[in-house]
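Topology and contacts: notes
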Amino acid sequence: MFFKKVVKSKSELRYDIINKDWVVVAEGRGKRPEDFKKKKTDEAIDNMPCAFCDYFAQEKFRDKNFVVIPNKFPAFFPQKNNLLKTDNALFQRLPSNGFHEVVVFNDHSKQLTDFSQIDWEELLGIYQQRYTELSKEKIVNYVSIFHNHGKMAGASLIHPHSQIIAIPFFDKDLSISLNSSREFFKEKSQCLFCATNRAEKSVQTRIVFENSNFLAICPFASKVNFEVVISPKNHLPYFEKITKEEKSDLAQIFGEVLKKIGYGLEFPDYNFYLHTSPCDDKEYSFFHWHFTIMPRISVWAGFELGSGIEIITMPPEKAAEYLRKIKI
Ligand SMILES: [Zn+2]
Ligand SMILES: [Zn+2]
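The present account deals with the structure reproduced in this document. Because the structure is predicted, anything quoted here is derived from the model rather than measured.

Further remarks concern the coordination of the zinc ion (ligand 1). Donor atoms from the polypeptide that coordinate the zinc ion (ligand 1) comprise Cys50 (SG), Cys53 (SG), His108 (ND1) and His159 (ND1), at 2.0 to 2.3 Å from the metal. Around the zinc ion (ligand 1) sit 4 donor atoms; with metal-centred angles ranging over 103 to 118 degrees, the donor geometry is tetrahedral. Within one chain, the residues serving as donors to the zinc ion (ligand 1) are arranged as C-x2-C-x54-H-x50-H. Placement of the pair is Cys50 in the loop between helix H1 (38–47) and helix H2 (51–57) and His108 in the loop between strand S6 (99–105) and helix H3 (117–135), with a sequence separation of 58 residues. In this structure Cys50 comes out as buried when scored by relative accessible area, which is 18%. By relative accessible area, which is 32% here, His108 ends up partly exposed.

Here we come to H3. Across its 19 residues, H3 extends 27 Å between first and last C-alpha, which sits within 8% of the 27 Å expected from 1.5 Å per residue. Where H3 is concerned, the buried positions are Asp119, Trp120, Leu123, Leu124, Ile126, Tyr127, Gln128, Arg130, Tyr131, Leu134 and Ser135.

Let us now look at the coordination of the zinc ion (ligand 2). Donor atoms from the polypeptide that coordinate the zinc ion (ligand 2) comprise Cys191 (SG), Cys194 (SG), His235 (ND1) and His288 (ND1), at 2.0 to 2.3 Å from the metal. One can describe the donor arrangement at the zinc ion (ligand 2) as tetrahedral, given that its 4 donor atoms subtend angles of 102 to 115 degrees at the metal. Here the donor residues of the zinc ion (ligand 2) share one chain and are spaced in sequence as C-x2-C-x40-H-x52-H. Note that Cys191 is positioned in the loop between helix H4 (172–188) and helix H5 (192–203) and His288 in the loop between strand S12 (270–275) and strand S13 (290–295), a separation of 97 residues in sequence. Judged on exposure class, the residue Cys191 and its partner His288 are both buried.

The rules we used
Residues numbered from 1 in each chain as written. Chains lettered and ligands numbered in written order. Predicted model: local features only at pLDDT ≥ 70, side-chain atom pairs only at ≥ 80, totals over all residues. Heavy atoms only, no water. Donors = N, O, S within 2.8 Å, 3.2 Å for Na, K, Ca; no water. Tetrahedral: all angles 85-135°; square planar, octahedral: opposite > 155°, others 65-115°. Helix = DSSP H or I, 4+ residues; strand = E, 2+ residues; numbered from the N terminus. Buried < 20%, exposed > 50% of the residue type's maximum accessible area, 1.4 Å probe, protein only. Expected span 1.5 Å × (residues − 1).

So this is what it looks like as structure tokens:
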């Protein structure tokens, strides 16, 4: 169910000329600097009346499991122009053109760890359907699908929801991942992710769960404790082309892995996000889509922020062994 409404807010992209990266400055409606004081931020989240529950109070949405709505405070929204503004060579801005949607779950207190196989299949179907629709938009070259659960993961509302952002460009992280995959393919005539999955299968120590079509592993060089990557066993560059059978297997493995993390680690906050081939009509047959789940058990400290080198305290082999043993 998609609920269409044009929303406007103050938002722009600014170019970080030092790190060669873009950031979004999206001014929350009516927010004052004082609203960012720590105590106020926590209180605001805890005491906020739930706007999402209001949707499902309406007759037409009452029986739906999910509703897709435009984000009330979008980081990206459709704009008339897409022109670069240069204050001077050091200060460059772009309108934050694109789409920012929220997939809201019906039940305020039902988390993904409570989801049945059917719930998961429906949610993945919505991701696929919205991906397909948004990728048809002329200005859209990349669609990002992600889910924030809990304050430590950046969720500003308790009510469970995923987000979909469709934008004209993709970020540095995905560029690096695409470039490594392209180079590996050129050199070895095989996919980097397929090769990694084969190696993980022979080593076995970092496997968390697997079914016919998917493999879940704690990556060899995990960036956070208990990080899990779920990827297809077959070489698949485009998430939106997922079949019914693959969706059913993805639903199963996603449910199992999140439950293992939840039951095993006392339901920590977490993020997950999809990395798939951009929809900019270029060739990405070398890429392999995957979901990354990042539990928010510890926060990044100065060294991580200053050097870009993450320190983890739980070796991925031990994390995988622990999660493997958690009974659902
Ligand atoms: Zn709610
Ligand atoms: Zn592959």
